[in-house]
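Architecture and fold: a report
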Amino acid sequence: MLASGSGGNTVWVEAGGARVLVDAGLSLRETRRRCADSGLDLRDLTDVLLTHEHADHCFGAAVIARKLGARVHATRGTLLALRDPPPSELCFELPRDGALLLGRGLHIRAIPIPHDATEPVAYSFEEHLEGGRSVRAAVVTDLGCAPRKLLQALRGLDALVLEMNHDLRLLLEGPYPASLKRRVRGDLGHLSNAQAAQLLAQVLHRGLRHVVLAHLSEQNNTPSHARREAEAVLESHGGRAALHLAAQARALPPIELHASAAARRCPQQLALFAT
């Protein structure tokens, strides 16, 4: 993840010959800088996947597409709602519950989520490896609640990027006006730490190896609040996942996923670069 928060969101996913940005909420210059800091070359980008049309998720999409020729995939509602759409020849409509194959074998699924946007989605990623093995990851942010269909789509993951937007007490006692507090707390708003922890508990299994806590509010949350909620779930359920906290100002080190210890000798892998 190259950035995470209300100031801009973007995640680099690389597998099967495809190099994809999930959201493009930073400027071209800043995205290039974050990539360079992570040992990536933005010129290698092949595709952009947009979750929805809010500026902190799509701000740089049009410029990145025009300058680099990257294809932009999003639901019809998201594409129509973009204030600065990429060139039409680079825009590709993705059904809200549809699937997409990029590169030699990066399987992507759009998963409908509840948020105050036009046809917003989360994304899951899967790459099939040798010997019938596979690796799976998902990026799930900007949602007010977790429908059963979403939970079903998140079963069996190796890695999960999960929104932990706010601590409810900090939100209620914080500086936001009452109307904005209601929006954040609503079913079309953002997940609280407690809601995200409940979601994590429902999809947790022994094979989940990495959990990235993302989209933390700078006003209504702290890393320690979010980490404490996630750690409690892992401890109570015997989870072995490593916890990572995404940040707005800097990129996280790359997270590489392999199907097994033996697969580490195989060149096929799925990598996420998170903030």
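For the structure, check the block above.
The shown structure was predicted, so the numbers you read here are calculated from the model rather than taken from an experiment.

What about helix α8 (residues 193–203)?
- Taken as a whole, α8 has its buried residues at Asn-193, Ala-196, Ala-197, Leu-199, Leu-200 and Val-203. Angularly, the buried residues of α8 cover 160° about the axis, an arc narrow enough to put them on a single face.
- Buried residues belonging to α8 abut α5 (148–153), β10 (159–163), β11 (210–214) and α9 (223–237).

Things to note about the pattern of salt bridges
- For the structure shown, the criterion picks out 15 salt bridges.
- Among the ionic pairs, Asp-41 bridges to Arg-43, the shortest N-O distance being 2.8 Å.
- Using a relative accessible area of 27% as the deciding quantity, one classes Asp-41 as partly exposed.
- Taken together, the salt bridges that share partners define one network made up of Glu-30, Arg-33, Arg-34 and Asp-37.

Section: the packing of α8 against α9
- The interhelical angle for the contact between α8 and α9, taken along N-to-C directions, is 25°, at an axis separation of 9 Å. Taken together, the axes of α8 and α9 are roughly parallel relative to one another. By crossing handedness, the relation of α8 to α9 is classed as right-handed. Note on element contacts: α9 touches α8 through His-225, Ala-226, Glu-229, Ala-230, Val-233 and His-237, opposite Asn-193, Ala-194, Ala-197, Leu-200 and Ala-201.

With respect to the environment of Arg-227
- Residue placement: Arg-227 occurs in helix α9.
- Residue class for Arg-227 comes out partly exposed when judged on its relative accessible area of 31%.
- As a C-alpha pair, Arg-227 and His-244 span 17 residues in sequence and 8.7 Å in three-dimensional space.
- Once residues within four sequence positions are removed from consideration, Arg-227 is found in contact with Leu-213, Leu-243 and Leu-245.

As for the pairing of strand β9 (residues 134–140)
- Burial of β9 is extensive: 6 of the 7 residues sit out of reach of the surface.
- Relative to β9, strand β8 (residues 121–128) is paired through 6 bridges, and the arrangement is antiparallel. When the sheet's bridge partners are listed, Glu-126 is paired in β9 with Arg-136.
- Count of turn residues in the β8/β9 antiparallel hairpin: 5 residues, of which Gly-131 carries a positive phi of about 75°.
- Across 4 bridges, the pairing between β9 and β10 is parallel. Within β10, the residue paired with Val-140 across the bridge is Leu-162.
- Handedness of the crossover joining β9 and β10 through α5 is recorded here as right-handed.

Calculation rules
- Residues numbered from 1 in each chain as written.
- Predicted model: local features only at pLDDT ≥ 70, side-chain atom pairs only at ≥ 80, totals over all residues.
- Heavy atoms only, no water.
- Buried < 20%, exposed > 50% of the residue type's maximum accessible area, 1.4 Å probe, protein only.
- Helix = DSSP H or I, 4+ residues; strand = E, 2+ residues; numbered from the N terminus.
- Arc of directions from axis to C-beta.
- Contact = heavy atoms within 4.5 Å.
- Salt bridge = Lys/Arg side-chain N within 4 Å of Asp/Glu carboxyl O.
- Axes fitted to C-alpha atoms, helices over the stretch in contact; angles between N-to-C directions.
- Parallel < 35°, antiparallel > 145°, perpendicular 65-115°, else oblique.
- Left-handed = near helix turned anticlockwise from the far one by under 90°.
- Pairing = 2+ DSSP bridges.
- Right-handed = clockwise from strand over helix to strand, strands pointing away.

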